[in-house]
Amino acid sequence: MTKKYSLSMLILSVFLLFSCENGKKAQKTSAELKSISGNEISVPPFNADSAFSFVAAQTAFGPRVPNTAAHQKCALYLQNKLRGYADTVMVQEFQMRAFDGTILNGKNIIASFNPKNEKRIFLSAHWDSRPFADHDPDAANHKTPIDGANDGASGVGILIELARLLQIQKAEMGVDIILFDLEDYGTPEFAPRTANSENTWALGSQYWSLNPHYPNYNAQYGILLDMVGAKNAVFRMEYFSMLYAPQIVKDVWKTAATLGFSDYFLLENGSSVLDDHYFINRNSQIPTIDIIQHDSKMASGFYEHWHTLNDNLQNIDKETLNAVGLVVTQVVYQER
Ligand code: AHN
Ligand code: ZN
């Protein structure tokens, strides 16, 4: 047998094997699935095209900068979309003071599945976009708002797709999807730094972590997605995630390896990122990890187009959405 022939036979038999598997699975009733003991878990197919369309829908409003019409319209879009999929959706409205004293009107949007289940996990991303392209190579753009296709919308797009799947097929766990607002209004490079500058980021999660959407809200753990849509993204094991929730990081990275995504999920310690998960870990007792593209070798610490006008839909890659989406979906459905 030639090498080419044996390779195509191998591909064919793997294909046949998988198609039988899927056919068998599709025929099983949910009662039958429950009766299966051991490790067999049915996971609905994450669709990266669908996730991409949810990213595009957000960027189509224009920059989702707090206190603007586009921000308001996008909030309505997200609520309506999630109301179509989730058991309950609530909007937590609040105000926070920005670095420059501006009072920002924020909305954290919380969609719940199996709301009565006490065993819960939460998944989150931020839905606002940054008012300043303060890392743009052209200084003339530093005060221009960004689309935040990757920085914000990518994580939200994956989570809306997951919401669509959770409606089609219930997970064992209760799941809350929490879309945080006011994450990206932190002190810009062109403004003076103060002792308080670190606290000017992640205002929506800071608020929620001290004022959960209902008293004593609890979850076994949380996963934050941030900048999960760039081409050839890599996700290192971020420092605060490893500090507060090392086992969750290891489990998620292991699931990624099992699914064949070790090129995205690197088994390397990353640097620290002051993201939503930092305040959640500090203020609430829920161990929370951040799946985020960060790179200490980049001048900015993040991906190439971070906080520039090029953080737009053109630079979103479906392969990356697919990798992160499949991993998170697998994690959610295997949890019991
Ligand atoms: C800081 O750079 C201090 N925090 C990054 C958090 C962030 C910004 N996530 C998205 N945009
Ligand atoms: Zn940002």
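Within any chain, residue numbers begin from 1 and follow the written order of that chain's sequence. Note on labels: chains are lettered from A, ligands numbered from 1, in written order. Only residues with pLDDT of 70 or above have their local features reported here, since the model is predicted, and side-chain atom pairs are shown and tallied only from 80 upward, although totals for entire chains, interfaces and linings are computed over all residues. With hydrogens and water stripped out, all remaining heavy atoms of the structure feed into the side-chain values.

1. A short note on helix α10 (residues 318-334)
- Helix and strand definitions follow DSSP, with helices as H or I runs of at least four residues and strands as E runs of at least two, each counted in order from the N terminus. Under the convention used throughout, the expected extent of a helix is 1.5 Å for every residue step, that is, one less than its residue count. Along its 17 residues, α10 runs 24 Å from first to last C-alpha, staying within 8% of the 24 Å computed at 1.5 Å per residue.
- Most of α10 is tucked away, with 12 of its 17 residues classed as buried.
- Three exposure classes are used, based on accessible area relative to the maximum for each residue type with a 1.4 Å probe and protein chains only: buried under 20%, partly exposed in between, and exposed over 50%. For α10, the full list of buried residues reads Thr320, Leu321, Ala323, Val324, Gly325, Val327, Val328, Thr329, Gln330, Val331, Val332 and Tyr333.

2. What to know about the pairing of strand β8 (residues 288-292)
- With five of five residues buried, β8 is to be regarded as a mostly interior element.
- Here β8 shows no split at all, with Thr288, Asp290 and Ile292 on one side and Ile289 and Ile291 on the other all buried.
- Two strands qualify as a pair provided that DSSP identifies no fewer than 2 bridges between them. Examined bridge by bridge, strand β5 (residues 221-226) and β8 share five bridges and lie parallel to one another. Counted as the bridge partner of aspartate 226 is isoleucine 292 from β8.

3. What to know about the site of ligand 1
- Residue proximity to a molecule or strand is established when one non-hydrogen atom of the residue lies within 4 Å of it. Looking at ligand 1, the residues that line it are Asp151, Glu183, Asp184, Trp201, Asp226, Met227, Leu274, Asp275, Phe302, Trp306 and His307.
- Polar contact is the term for a pair of N or O atoms within 3.5 Å; when the atoms are in protein, one must be able to donate a hydrogen and the other to accept it, and sequence-neighboring residues count only if both atoms are side-chain atoms. Taking aspartate 226, its side chain carries an N or O atom lying 2.9 Å from a nitrogen atom of ligand 1.
- For ligand 1, a nitrogen atom lies 3.5 Å from a polar atom in the backbone of leucine 274.
- If ligand 1 stood free it would expose 320 Å²; the protein chains cover 87% of that surface. Using a 1.4 Å probe, accessible areas were evaluated by the Shrake-Rupley method; residue-level cover was limited to the displayed protein chains.

4. Thoughts on the sheet that holds strand β3 (residues 120-126)
- The strand order across the open sheet built from six strands is β1-β2-β4-β3-β5-β8, with neighbouring strands paired in mixed fashion. Every interior strand has two partners, whereas the edge strands, β1 (88-97) and β8, have only one. Pairwise comparison of adjacent strand axes, ignoring direction, gives a mean angle of 20° for this sheet.
- Packed onto the sheet, helix α5 (residues 149-168) meets β2 (103-113), β3, β4 (174-180) and β5 and runs at close to 145° relative to β3.
- Strand contacts of helix α6 (residues 203-210): β1, β2, β3 and β4, with the helix running at about 110° to β1, the strand carrying the most contacts. For helices, the fitted axis covers only the stretch in contact; all axes are lines through C-alpha atoms, and the angles between them, taken along N-to-C directions, range from 0 to 180 degrees. A contact between two residues is defined here by any heavy atoms of the two lying within 4.5 Å.

5. What about a nonpolar patch on the surface?
- Together, Tyr239, Leu243 and Tyr244 line one region of the surface with nonpolar side chains, adding up to about 300 Å² of accessible area.
- Structurally, the position occupied by leucine 243 is in helix α7 (residues 239-244). Every patch collects residues that have over 30% relative accessible area and no salt bridge, joining them within 9 Å if they carry like charges and within 5 Å if they are nonpolar side chains (Val, Leu, Ile, Met, Phe, Trp, Tyr). A side-chain nitrogen of Lys or Arg and a carboxyl oxygen of Asp or Glu constitute a salt bridge if their distance falls within 4 Å.

6. A closer look at the pattern of salt bridges
- Considering all chains together, one arrives at seven salt bridges under this definition.
- With a closest N to O distance of 3.1 Å, arginine 193 and glutamate 189 form a salt bridge.
- Across the pair glutamate 268 and arginine 236 runs a salt bridge, and its minimum N-O distance is 2.8 Å. Taken together, the positions of glutamate 268 in strand β7 (residues 265-269) and arginine 236 in strand β6 (residues 235-237) put the pair 32 residues apart, joining distant regions of the chain.
- A residue is classified by how much of its surface remains accessible, and arginine 236, at 13% relative accessible area, is buried.

7. Examining the pairing of β3
- Within β3, seven of the seven residues are buried, leaving the element largely enclosed by the surrounding structure.
- In β3, alternate side chains face the same way, and those of Arg120, Phe122, Ser124 and His126 on one face and Ile121, Leu123 and Ala125 on the other are all buried.
- Sheet topology note: the β3/β4 ladder contains seven bridges and is parallel. Paired with isoleucine 121 across the bridge in β4 is valine 175.
- Handedness of a crossover is defined as follows: orient the strands so they point away from the viewer, and if the path from the first strand over the helix to the second runs clockwise, the crossover is right-handed. Following the backbone out of β3, through α5 and into the adjacent parallel β4, one traces a crossover that is right-handed.
- Across four bridges, the pairing between β3 and β5 is parallel. Pairing of serine 124 across the sheet is with leucine 224, part of β5.

8. Some details on the coordination of the zinc ion (ligand 2)
- Protein-derived coordination of the zinc ion (ligand 2) comes from Asp151 (OD), Asp184 (OD), Asp184 (OD) and His307 (NE2), at a distance range of 1.9 to 2.5 Å.
- Donor criterion used throughout: N, O or S atom within 2.8 Å of the metal, extended to 3.2 Å for Na, K and Ca. Water excluded; incomplete-looking sites may result. As a motif over one chain, the donors of the zinc ion (ligand 2) read D-x32-D-x122-H. Taken together, the residues aspartate 184 in the loop between β4 and α6 and histidine 307 in the loop between β8 and α10 connect sequence positions 123 residues apart. In this pair, the class of aspartate 184 matches that of histidine 307, namely buried.

9. Re unusual backbone geometry
- Of note, asparagine 114 is a non-glycine position whose phi angle comes to about 50°, a positive value.
- Tracing the backbone through its elements, the reader meets asparagine 114 in the loop between β2 and β3.
- Positive phi is not limited to glycine here, since alanine 202 has a value of about 55°.
- Positionally, alanine 202 belongs in the loop between β4 and α6.
- Of the residues examined, alanine 202 reaches a relative accessible area of 0% and is grouped as buried.

10. Brief notes about the side chain of aspartate 128
- By the secondary structure assignment, aspartate 128 is in the loop between β3 and α5.
- Reaching out from aspartate 128, the side chain makes a polar contact with the backbone nitrogen of aspartate 184 at a distance of 2.9 Å.
- If we ignore the near neighbours within four places in the chain, the residues touching aspartate 128 are Arg64, Pro66, His71, Asp151, Phe180, Asp181, Leu182, Glu183, Asp184 and Tyr185.

Everything listed here is a matter of coordinates, which is why it stays silent on function.
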